[in-house]
Structure formats: structure tokens, C-alpha cells
Amino acid sequence: MSNLRFPENFLWGAATAAYQIEGAARDDGRGPSIWDTFSRTPGKVHQGHTGDVACDHYHRYADDVALMAELGLRAYRFSVAWPRIQPDGTGAVNPRGLDFYDRLVDALLDRGIDPIVTLYHWDLPQALGDRGGWTNRETAEHFATYATAVHARLGDRVGTWTTLNEPWCSAYLGYGNGVHAPGEQDPAAAFTAVHHLLLGHGLAARALRAAGAETIGITLNPADVRPADPASAADAAAVRLVDGLHNRIFLDPLLAGGYPEDVLEHVGGFVEPAFVRDGDEKLIAAPIDLLGINYYQPTYVAGRPGGAGGGGAYPGTEGAVEFLPPVGPLTDMGWMIEPAGLTRLLERIATDYPGVPLLITENGAAFPDKPGVDGPGGAGGVMDTDRIAYLDGHLRAAHEAIARGVDLRGYLVWSLLDNFEWAEGYRKRFGIVHVDYLTQRRTPKASARWYQEVISRNGL
Ligand code: IFM
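Residues numbered from 1 in each chain as written. Predicted model: local features only at pLDDT ≥ 70, side-chain atom pairs only at ≥ 80, totals over all residues. Heavy atoms only, no water.

Moving on, we come to the overall build of the protein chain. Check the secondary structure of the protein chain and you find 15 helices and 13 strands. Taken against the 2.2 N^0.38 rule, which gives 23 Å for 460 residues, the C-alpha radius of gyration of the protein chain at 21 Å falls within 12% of a compact globule. Seen through its C-alpha atoms, the protein chain measures out along the principal axes to roughly 55 × 55 × 45 Å. Across the 460 residues in the protein chain, those meeting the buried criterion constitute 60%. (Helix = DSSP H or I, 4+ residues; strand = E, 2+ residues; numbered from the N terminus. Rg over C-alpha atoms; globule rule 2.2 N^0.38 Å. Buried < 20%, exposed > 50% of the residue type's maximum accessible area, 1.4 Å probe, protein only.)

Inspection of the region around the ligand gives Gln20, His121, Trp122, Asn165, Glu166, Tyr296, Trp335, Glu362, Trp414, Glu421, Trp422 and Phe430 as its neighbouring residues. Glutamine 20 places a polar side-chain atom, nitrogen or oxygen, 2.7 Å from an oxygen atom of the ligand. Take glutamate 421: an N or O atom from its side chain is 2.6 Å from an oxygen atom of the ligand. Protein burial of the ligand: of its 280 Å² of free accessible surface, 95% is covered by the chains. (Near = heavy atom within 4 Å. Polar contact = N/O pair within 3.5 Å; in protein donor to acceptor, adjacent residues only side chain to side chain. Areas by Shrake-Rupley, 256 points an atom, 1.4 Å probe, with all protein chains shown as cover.)

Another point: the sheet that holds strand S4 (residues 160–165). Read once around its circumference, the closed barrel built from 8 strands follows the order S1-S2-S3-S4-S5-S7-S10-S11, with strand pairing classed as parallel. Going across the sheet, the axis of each strand differs from the next one's by a mean of 25°, ignoring polarity. Examined bridge by bridge, strand S1 (residues 11–15) and strand S2 (residues 75–79) share 3 bridges and lie parallel to one another. Bridging across to S2, glycine 13 finds its partner in alanine 75. Against the sheet, helix H9 (residues 187–210) makes contact with strand S3 (114–120), S4 and strand S5 (215–220), and its axis sits at roughly 165° relative to S4, the strand it touches most. (Pairing = 2+ DSSP bridges. Axes fitted to C-alpha atoms, helices over the stretch in contact; angles between N-to-C directions. Contact = heavy atoms within 4.5 Å.)

Counting residues in hydrophobic clusters, the biggest one holds 145 residues, and the most contacted among them are Trp35, Tyr101, Tyr120 and Leu291. Looking at this core element by element, the count peaks at 11 residues for H9. Sequence-distant contacts of leucine 291, that is, excluding residues within four places in its chain, are made with Ile218, Leu220, Leu251, Leu255, Ile349, Val356, Pro357, Leu358 and Leu359. Grouped together as the second largest cluster of nonpolar side chains are 5 residues, Ala140, Ala144, Leu199 and Leu283 included. (Core = buried A, V, L, I, M, F, W, Y, C linked by side-chain atoms within 4.5 Å.)

Next up on the list: helix H10 (residues 233–255). In an α-helix, one full turn covers 3.6 residues, which means residues spaced three or four apart are oriented alike. For H10, with 23 residues, the first-to-last C-alpha span of 28 Å runs short of the 33 Å given by 1.5 Å per residue. Along H10, the largest kink reaches about 55° and is centred on asparagine 247. Where H10 begins, the side chain of serine 232 points an oxygen toward the backbone nitrogen of alanine 234, at a separation of 3.3 Å. Positive backbone phi, at 95°, marks glycine 257, one or two positions downstream of H10. (Expected span 1.5 Å × (residues − 1). Bend = angle between axes of the 7 residues up to and from the residue.)

Below, the discussion takes up the sheet that holds strand S6 (residues 225–227). The 3 strands are arranged S6-S8-S9 in an open sheet whose pairing can be described as mixed. What marks the edges here is a single partner per strand, and that holds for S6 and strand S9 (321–323). Strand-to-strand twist of the sheet, defined as the mean angle between neighbouring strand axes without regard to direction, takes the value 35°. With 3 bridges connecting them, strand S8 (residues 299–303) and S9 associate as antiparallel partners. In the sheet register, alanine 302 faces S9, and the bridge partner there is glutamate 322. Where H10 meets the sheet, its contacts fall on S6, S8 and S9, and the angle it forms with S8 comes to roughly 130°.

Structure (C-alpha cells):
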């Protein structure tokens, strides 16, 4: 620890998502989601893991909240499972689904922890998936209805509402390269989904605003896109293209009034963007109060004729762009560790899209933790010095961004608990708290104790 202090009222917390931790997949009237279906589809998720039980947080939430309090968390970002609230995605609201979040919010508030709600973290009700999911414009409208129902129940106690988590993943991984649910591989579907997700955000944000929600935002996973060779014009063009597909396609309509021309032209090579109707962009561009940023690693690209491109996750980069392999040291996900990318990203967003406060809604790393016999936290404890180094580096990078004038309001570590890491199943561990999936025992890792100390000092 050194002497680096964060601003007063800097919000320290942790994040999770419903499908990754809750389990209780059939309890209290929850309907199936596209991730229930996808995880049961052979070959899609590591060893056929599913979220059926996960961390059993649905039944253990009170203990988990007690643990959060012990660690000194001031904020907890969780997502609401749409299929618990509307098992078929539309129609009657299931009160028992809402009851769970009601209990969770009360438990958090009792411990002085600020609840931050994400309304959609990828678990679309399967019934809506059957009707085309996010390629169907109606899904956006249903999303606003669902958001209204959740707000009606929790809005008296929850101040901060984020609509979507990482729509880039929902659109490009869900419909582009098919690594995520629903597993489609169709560039036209991916681009259509981008717009309908943004439209869903716009409609939900409008409904939340009308209902009196205090703070409304969205969480993106913008990429810090870098050229392989800063002096190369071809690499600069590759950066522009990838930045357009990953960042500006979301940031511009949300914060700059509409889609960028170059991106629309690119999309037009795959699908006529007639799905963007009059009035949509105005709706999507309605002011938000907070932008959530999830950052893990930078993206290095080169402009190369015949380049392999980024596959379905970056339609149209084939034959023109090379995505450079990550350079070590790497996390267990094979992701590059470059904290400076976080400073650059925050500064770039604050410069190009001024006026909206930022919150790091996710940052963290998976490492192959090995529980020891007598590690920190007792038997089964984990001495995860690699994770501590990762978090320390990224917090310094966040601090540097603040020093350069970025209005950064807080930091939420991903993740509180080891959990279901989507296509990777349970084999990748992001938690600062170790979860033994056989016993459901939670053991804070050394990083949790380190983070507790950071929070109590408000600095490093
Ligand atoms: O686990 C995910 C999370 O659901 C969304 N952001 C990235 C995390 C790590 O891959």
C-alpha cells in the first residue's frame, strides 16, 4: 500500500449477475432463459455446465450480503433475472420473482450497502428468444414493460438503474460468432440486435425516467483499440473500423445523437439498416446520468490485406484486419494485462463524450486459484497475489484517469464470488471470494482482504 487516495464519496463495491450466481433455476415460477437452453446444448458450454445451481445465491443471499458488509463494500451491483419477473417475457408479473429482489435490496440497505440494479445481463426469457430475441423489435418494447414492473417494486429503495450490461456481447457474441446464447452466426442478425438493444435501452430509460428513477444509465464494455504500429496509416484505418464496430456504434447513438455515418455504411454491406426507424435515435440519445464501463484488456489491431479479422464478433473485418494475439503476462482467460488501457479508455470517453459521469461497473481477472490448506481465510483460503497485482494496477490506472480530470465516481470489482463464466462454465474463477461448488462454502481470498483494506483506506 502507498499513499494514493481516491476522492471522497468514491463508491467502492462489487458486481455479479443473476444467471452467474443465483441458481434456483426453477424456483418460485422462474421461466427458462436463452442461457438455460444454450448451456444444455451440447458443445456450447465447458463440460455442459449450467446455471441451475451456480452459487445458490438465491437461497444464500443473506449470508452473501453479510460477507459484503464484512468486506466493507459500499455498493453492490446485481442483475435482475427477467425470467423470474415475467417467466415468458411478457404478460403477468410473477410476484414471487420480485419478492426475491425485494428481500435482497432490504438486506443490502440494512447493511448500508447501496444497491445498483442492472435490468438485463443476458438472460433473455426463452419465449422471447423463440420469437427472434433481440432481432425482433418487439423485444425492445417488452423490455421497457419489464423494466417498469421492476421499478414499480424496487424504485422506492433503489436509486441507480442500469438498463443493459455489455450489449456488444449480447449482439455480437449472441448473434455474430455464436459463442454466447442464443448461438447464432449471422452478421445481419448481430447488427439488427445492436439497434434493438439500444432501442430497448432508450424505451426502458424513458419509462424509468417517467416513473421517477433517480439515476439512469447503461453499462458498456468499450474497447481500448490500439494500432500495432502507431506510425502505420493502414493500422490507423483498422483501429477506426474496429472502434466503429465496438465503440462508436454504441457510444455515438447514446451520447452523440446518432449512429456514425461510416458505421452505418459498413452495416449496410450486410443488412439494410431500415430497422432504424424515425425517432429511434432521438429516443436512444435521451440524456443518461451515468455510464458504466467494464474494462478487462486492450485490443491491438493491424491493417493487413488478407488479415484473418475478428470473425463474427467483428463482421466485415475479414481480409482487412489482423487482431494481434495477446502478449503476456495473461490472465486465465488468456487476456492481456494492461492497466494503462483503462486510463486511456476513460480519458477517451470523457473527452469524446463529455458530461456524463463514469462508473467502473466491472474490472477484475480470472486466475487459476489453488485453495491451500491454511491459506488466508482459513482452510481452503487462496493466496491470489496475481489478482491483487491486477486490481492494484487497474486501481492506479483509474486514479490516474481521475488525476487527468475524468469524472469517475466509483469502482466495482468483478466479481464478488467465483461464478458461472458463460461458455467457460465454472472453470474460470473471477471472484475475490472463493466458492467451493460442492459445499457452497465461501472463503474470502487474499484479494478480498486486500480490497477490504483498500476500501477502508479509500486508497492504495
Ligand atoms: O463474467 C463476465 C460478465 O458477465 C460480463 N463482463 C465480463 C465478465 C468476465 O468475462
